[in-house]
Amino acid sequence: MTTKFDDLLGRFHGYLASVDDALVRDAVGRIGWAMPARVLEPHSLGCLRHLDRAAELASAEARPLVRLVADQRNDLRWGQTYNEADFGKEFIDNYGWLEVFGTRGHFVNDEVAAGLLILGPDIVYPDHHHVAEEIYIPLTGGTEWRMGEGDFRIRAAGEVIHHASKVSHAMRTAEEPLLALYIWRGGPLAQKSKITGTVARGRD
């Protein structure tokens, strides 16, 4: 069955196939890409206002995917794991994710989940961890990332970031938004992360 989201899945796959990294190649090779579509009602979020800027910032390799997502934003089901009571209104107005495939995404996959995360400018996603192994690829640069007890450091667009199971990690944006591709595997695919940090924007 052809759906209006087939191009989304195709561009998502195409971008991942262009990433020259052994971990990503392994993950992509283990995914069965002939996934059935899931019918979902669209759900919009305030953070989608950052998508046009993300498309401007994205690399040439990622731009076809990001531009398609920006164009289709109002047809897609965007989600949030947290609410205003968890982190406050500013965070919630600048945070959201799109699951392209997984246990609740636009395509059905019970073994791996993947999609896109948005964080607006000047936002801290505090230290958190989860059982599932996670691979991140920022599609925009300039965001600081931290893993474990390490310091925050800026990661470039296209850089592969690997978080093993239960390893704490955090992100904080500066003047530009973050759009990052993620892959979850090897654990509960819809598990709420355990938060160990705060949204306070302290410096190291």
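The preceding data block contains the structure.
Residues numbered from 1 in each chain as written. Predicted model: local features only at pLDDT ≥ 70, side-chain atom pairs only at ≥ 80, totals over all residues. Heavy atoms only, no water.

Asker: Before we go on, may I ask you to explain the overall build of the protein chain in this structure?
Answerer: Counting its secondary structure elements, the protein chain contains 6 helices and 12 strands. In terms of overall size, the protein chain behaves like a compact globule, its C-alpha atoms giving a radius of gyration of 16 Å where 204 residues would be expected to give roughly 17 Å. Dimensions along the principal axes, computed over C-alpha positions, put the protein chain at roughly 50 × 35 × 30 Å. Residue burial in the protein chain is summarised as follows: out of 204 residues, 50% are buried. Residue pairs at least 24 apart in sequence account for 72% of intrachain contacts in the protein chain once pairs closer than 6 positions are excluded. Carbon and sulfur atoms make up 49% of the accessible area of the protein chain, which totals about 9,200 Å². In the protein chain, the 23 positive side-chain charges and the 29 negative ones have mean positions that sit 1 Å from each other. (Helix = DSSP H or I, 4+ residues; strand = E, 2+ residues; numbered from the N terminus. Rg over C-alpha atoms; globule rule 2.2 N^0.38 Å. Buried < 20%, exposed > 50% of the residue type's maximum accessible area, 1.4 Å probe, protein only. Contact = heavy atoms within 4.5 Å. Areas by Shrake-Rupley, 256 points an atom, 1.4 Å probe, with all protein chains shown as cover. Lys, Arg positive; Asp, Glu negative; His and termini not counted. Charge placed at Lys NZ, Arg CZ, Asp CG, Glu CD.)

Asker: Explain unusual backbone geometry to me, please; I cannot follow it from the model alone.
Answerer: Most of the time, phi is negative for any residue but glycine, and the peptide bond is trans. A positive phi angle, close to 55 degrees, is found at Asp122, a residue other than glycine. When you line up the elements, Asp122 lands in the loop between β4 (112-119) and β5 (124-129).

Asker: Would you mind going over the sheet that holds strand β12 (residues 194-195) with me for this structure?
Answerer: Picture the strands of a sheet paired through backbone hydrogen bonds; they go either parallel or antiparallel. Judged by pairing direction, the sheet is antiparallel, and its 5 strands sit side by side in the order β8-β7-β10-β5-β12 without closing on themselves. Across the chains shown, the open sheet's two edge strands, defined by having one partner strand only, are β8 (153-155) and β12. Pairing geometry for strand β7 (residues 143-147) and strand β10 (residues 169-172), over 4 bridges, is antiparallel. Bridging across to β10, Arg146 finds its partner in Ala170. (Pairing = 2+ DSSP bridges.)

Asker: Just to check I follow, could you spell out the pattern of salt bridges for this structure?
Answerer: For side chains bearing opposite charge, pairing can occur when the charged atoms are close. The final tally for this structure, using the stated rule, is 15 salt bridges. A salt bridge links Lys4 to Asp75; the nearest nitrogen and oxygen atoms lie 4.0 Å apart. Taken together, the residues span a long stretch of sequence, with Lys4 in the segment before α1 (6-17) and Asp75 in the loop between α4 (63-72) and β1 (78-79) at a distance of 71 residues. Relative accessible area serves as the criterion here: at 32%, Asp75 is assigned to the partly exposed category. The residue Arg185 makes a salt bridge to Glu133 at a minimum N-O spacing of 2.9 Å. Taken as a pair, Arg185 in strand β11 (residues 178-185) and Glu133 in strand β6 (residues 133-138) lie far apart in primary sequence, 52 residues in all. Side by side, Arg185 and Glu133 carry an identical accessibility label, which is buried. By sharing partners, the salt bridges in this structure join Asp26, Arg30, Glu133 and Arg185 into a single network. (Salt bridge = Lys/Arg side-chain N within 4 Å of Asp/Glu carboxyl O.)

Asker: Looking at this model, I keep getting lost on the packing of aromatic side chains. Mind explaining?
Answerer: For the structure on display, the rule yields 10 aromatic pairs. Pairing Phe87 with Phe91 gives two aromatic rings, centres 4.8 Å apart and planes at 70 degrees, and the pair type is edge-to-face. For the pair Phe87 and Phe91, one class covers both residues: buried. Through a chain of ring-to-ring contacts, three or more aromatic side chains come together here, namely Tyr82, Phe87, Phe91, Tyr95 and Tyr125. Positioned over the ring face of Phe152 is Arg172, at 3.9 Å from the centre of the ring. (Phe/Tyr/Trp six-rings, centres within 6.5 Å; stacked < 30°, edge-to-face > 60°. Lys NZ or Arg CZ within 6 Å of the ring centre and 35° of its normal.)

Asker: How should the environment of Ile123 be read in this particular structure?
Answerer: Tracing the sequence through the fold places Ile123 in the loop between β4 and β5. Under the relative-accessibility criterion, Ile123 is labelled buried at 3%. Taking the C-alpha atoms as reference points, Ile123 and Thr143, 20 residues apart in sequence, are found 9.7 Å from one another.

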